[in-house]
Amino acid sequence: MACSTALASTRIQDIVADRTADNYALIISVAAGLPGLANDREKVRGILERKEFGFHIYELRDKDATKPVLESTLMYLSKKAGDRGTLVVYFGGHGAEGQFYLGDKKFFSANDFKKSIAGGRKGKSALERLMIFVDACESGSFVDPWSASQKFIGSFGAWTPKDGARNLFLFASSLPHESSLAAAEGSYFTLALRQAFDEAVAQELSLGEWARLTQQHTQEHHPVFKFVPEAFSEEKVLNSPCD
């Protein structure tokens, strides 16, 4: 029996919590000599532009991706997203312990990120979903601190809804002490992320299975991820209206 499209659209949960909500995505790309970032952006856009998700997509590149601009953009997008909204953020570029490198030669830390999201949600309830993909060296330090000194720049290790979202999916391209590799055709992690996404859609897999497939496909380094709560990992990457 065919299902009602109107009814199904309010019930479907996959990458987005609600396809009828205001869902936003931000792609940040700072090359600073790295190859393949244009191809990375194309791969990520191929995921986000799926009509089922309904993302409003923004981009910040190179010199335009300054710390003040990124702070204000994150606050704006997290504010614009509705209470049932999903916000996806992808960063590609250079990284260091708990930080990534921006176009004004400043670093953006996990604490900067959390403050911007929480600032955008001030006076509002938490976002339903926040997904963060960091393709940079040492990006695993965003998932959990690598050293005691990282307390000054933070991590997402102790995430709670007070930080601005009820559900968090954080995916980093490498271990805390590890480099992330890139070539002219794109970074190893982002290429694997897109390959695994296509496979996950075809096989009707969950977000957690997508993450594990990405780990399997990434060569030379070791992506790490976190779901808060863990049950979030069981949602499908792409649901059909009749599921």
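First things first, this report covers the structure right here in the doc. This one's a predicted model, so the numbers in the text were calculated from it and none came from an experiment.

Let us look at the sheet that holds strand β7 (residues 127–135). The sheet built from six strands is open, its strands ordered β2-β1-β3-β7-β8-β11 with mixed pairing. Taken across any chain shown, the strands that pair with only one partner, and hence form the sheet edges, are β2 (55–61) and β11 (224–228). Across the sheet, the axes of successive neighbouring strands diverge by a mean angle of 10°, strand direction being ignored. When strand β1 (residues 23–29) meets β2, the two strands line up parallel, connected through seven bridges. Residue pairing for β2: Ala25 is matched across the bridge by Ile57. Lying on the sheet, helix α3 (residues 67–80) is in contact with β1, β2, β3 (86–92) and β7; it crosses β1 at an angle near 165°. Packing of helix α6 (residues 207–217) onto the sheet brings it into contact with β7, β8 (165–172) and β11, and relative to β11 it is tilted by some 170°.

Moving on: the side chain of Thr190. Looking at the secondary structure, you find Thr190 in helix α5 (residues 188–203). Among the residues examined, Thr190 registers a relative accessible area of 1% and is labelled buried. Filtering out sequence-adjacent residues up to four positions away, Thr190 remains in contact with Asp40, Lys43, Val44, Tyr90 and Asp135.

Conventions we followed
All residue numbers refer to position in the chain's written sequence, counted from 1. In keeping with the model being predicted, local features are shown solely for residues with a pLDDT of at least 70 and side-chain atom pairs are shown and tallied solely at 80 or more, while totals for entire chains, interfaces and linings include all residues. Only hydrogens and water are set aside; all other atoms, that is, all heavy atoms of the structure, feed into the side-chain values. We treat two strands as partners when DSSP finds at least two bridges between them. Secondary structure is summarised from DSSP: a helix means a run of H or I of at least four residues, a strand means a run of E of at least two, and numbering begins at the N terminus for each. Axis definition: a line fitted to C-alpha atoms, limited for helices to the stretch in contact. Angles are taken between N-to-C directions and run from 0 to 180 degrees. Contact between two residues is taken to exist if any of their heavy atoms lie within 4.5 Å; hydrogens are not considered. Accessibility here uses a 1.4 Å probe with only protein chains present; expressed as a share of the type maximum, an area under 20% marks a residue as buried, one over 50% as exposed, and anything in between as partly exposed.

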